[in-house]
Amino acid sequence: MSSTDIPARKREHLEVVATSEVEAGGAGWSDVHLVHSALPRIDLADVDLETEFLGRRLKAPLVIASMTGGHPAARRINGVLAQAAQDHGLAMGLGSQRAALCDPALEPTYAVAREAAPTAFLIANLGAAQLVPQGEAPAATPDDLRRAVDMIRADALAIHLNFLEESVQTGGDRQAAGLREALAAAAAASPVPAIAKETGAGLSRQSAIELAELGFRALDVGGLGGTSFAVVEAIRAERRGDRRGAALGRAYRDWGIPTAVSVVGALAAGLPVIATGGVRSGLDAAKALALGAALVGVGRPLVRAALQGPEAVEAWIAQFLEELRVAVFLSGGRGPRDLAAVPRVILGDTRAWLADLGY
Ligand SMILES: Cc1cc2nc3c(=O)[nH]c(=O)nc-3n(C[C@H](O)[C@H](O)[C@H](O)COP(=O)(O)O)c2cc1C
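Here's a quick rundown of the structure.

What counts as what
- Residues numbered from 1 in each chain as written.
- Predicted model: local features only at pLDDT ≥ 70, side-chain atom pairs only at ≥ 80, totals over all residues.
- Heavy atoms only, no water.
- Buried < 20%, exposed > 50% of the residue type's maximum accessible area, 1.4 Å probe, protein only.
- Helix = DSSP H or I, 4+ residues; strand = E, 2+ residues; numbered from the N terminus.
- Pairing = 2+ DSSP bridges.
- 1 Å grid on protein atoms, 1.4 Å probe; cavity = no way out; pocket = protein on both sides within 12 Å on 5 of 7 lines; lining within 4 Å.
- Points joined across faces, edges and corners; volume = space filled by probe spheres on them.
- Axes fitted to C-alpha atoms, helices over the stretch in contact; angles between N-to-C directions.

1. A short note on the pairing of strand E10 (residues 273-276)
A regular strand places its side chains on the two faces of the sheet in alternate fashion. Across the two faces of E10 the burial is the same, with Val273 and Ala275 and Ile274 and Thr276 all buried. Looking at chain direction, strand E9 (residues 218-220) and E10 are connected through two bridges and run parallel. By the bridge assignment, aspartate 220 is partnered in E10 with isoleucine 274. Bridging between E10 and strand E11 (residues 295-298) involves three bridges; their strand directions are parallel. Considered in E11, the bridge of alanine 275 is made with valine 296.

Structural data, given as structure tokens:
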């Protein structure tokens, strides 16, 4: 693997995500309603958010989504986020580790997460597009996967699917022939459970079932409705005078399967499902869990908070967890798993999507 412009691109992603309007909206949460129980069973203070994921206990069903690493500023951000993961017993994903595989001097920008979070559930990350040859660049090898996992002593490895972003990105990696075989080989070679992860366009039921057959042990639906990498890359393309990418990214802002719909579809694979994409409150999270997700993932709000500092991250997570606890309390449950049994009503576009797709 070789590439010299990765750190600059990663830094620019952070800057664009922090300063520009890049959210697609429409994840579907406003269409999902949990039926209120006037008769809670336990004290609000006794609601326990602990849950299990891939054989490990988490203190709450929240993953800090895979975001950054590979440039100097990422070290501080990953340190802040990892400290929060450790303090709250959460899971955390690191950004794509390709940069450090190309340049080992960048490893500390990822490894800092394990230093700050010695016992947290950490998820290594590599791109599916890097599992197949891209022009001159050879495919990642099983040794690359092991190095990524070892770098942070990861508990799982996420392989991200971002072909929408690659299609828009100036000079993106657009070769995908042989992808399924490469994914199966990667899932088999990974020394820890492999998670297949979309990054904003969602997983269909069919994709989810195929990914299970290819050997993945969990799915992150990465649905439409939150951070749009079509828009992020459109902004970057505009800056470079790349009219193709700029127009394409704007046109594809709403491409994809809304997160709520994708969660329902992905359940058919029979694997634990992470609902990421536009989860913005503990109530959104409760709705995702009621639809059957095992965990929710949150990206942009947490990286923006991390850029402000640890206090902002702490405040965001505390508010989020309190909102989730109240949803469990008001729907008559004791913990997050009880949400899956809560009666729910699905209206609007989400209902139409589900009906039309037969989910
Ligand atoms: C700045 C930034 C960088 C990201 N980089 C990665 C990445 O390297 N690998 C990956 O799997 N997902 C990456 N993502 C996608 C997130 O993990 C997540 O799927 C996406 O942001 C949707 O969640 P959100 O709507 O809560 O932001 C990135 C997101 C952001 C905001």
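Still more to cover.
2. A word on empty space enclosed by the protein
Following the criterion strictly, the structure yields four cavities of 30 Å³ or more and no others. Taken as a whole, the largest cavity holds about 700 Å³ of empty space. Listing elements by their share of the lining of the largest cavity, those giving two or more residues are helix H1 (6-19), helix H3 (98-102), helix H6 (163-168), strand E8 (194-198), E11 and helix H13 (300-308). Considering every element that reaches the lining of the largest cavity, the biggest residue donor is H1, with six residues.

3. Some details on the sheet that holds E8
Pairing is parallel in the closed barrel, where eight strands are placed in the order E4-E5-E6-E7-E8-E9-E10-E11. Neighbour to neighbour, the strand axes of the sheet diverge by 25° on average, direction disregarded. Note: strand E4 (residues 62-64) against strand E5 (residues 91-93), two bridges, orientation parallel. Looking at the pairing, isoleucine 64 lines up with methionine 92 of E5.

In short, geometric facts, not functional conclusions.
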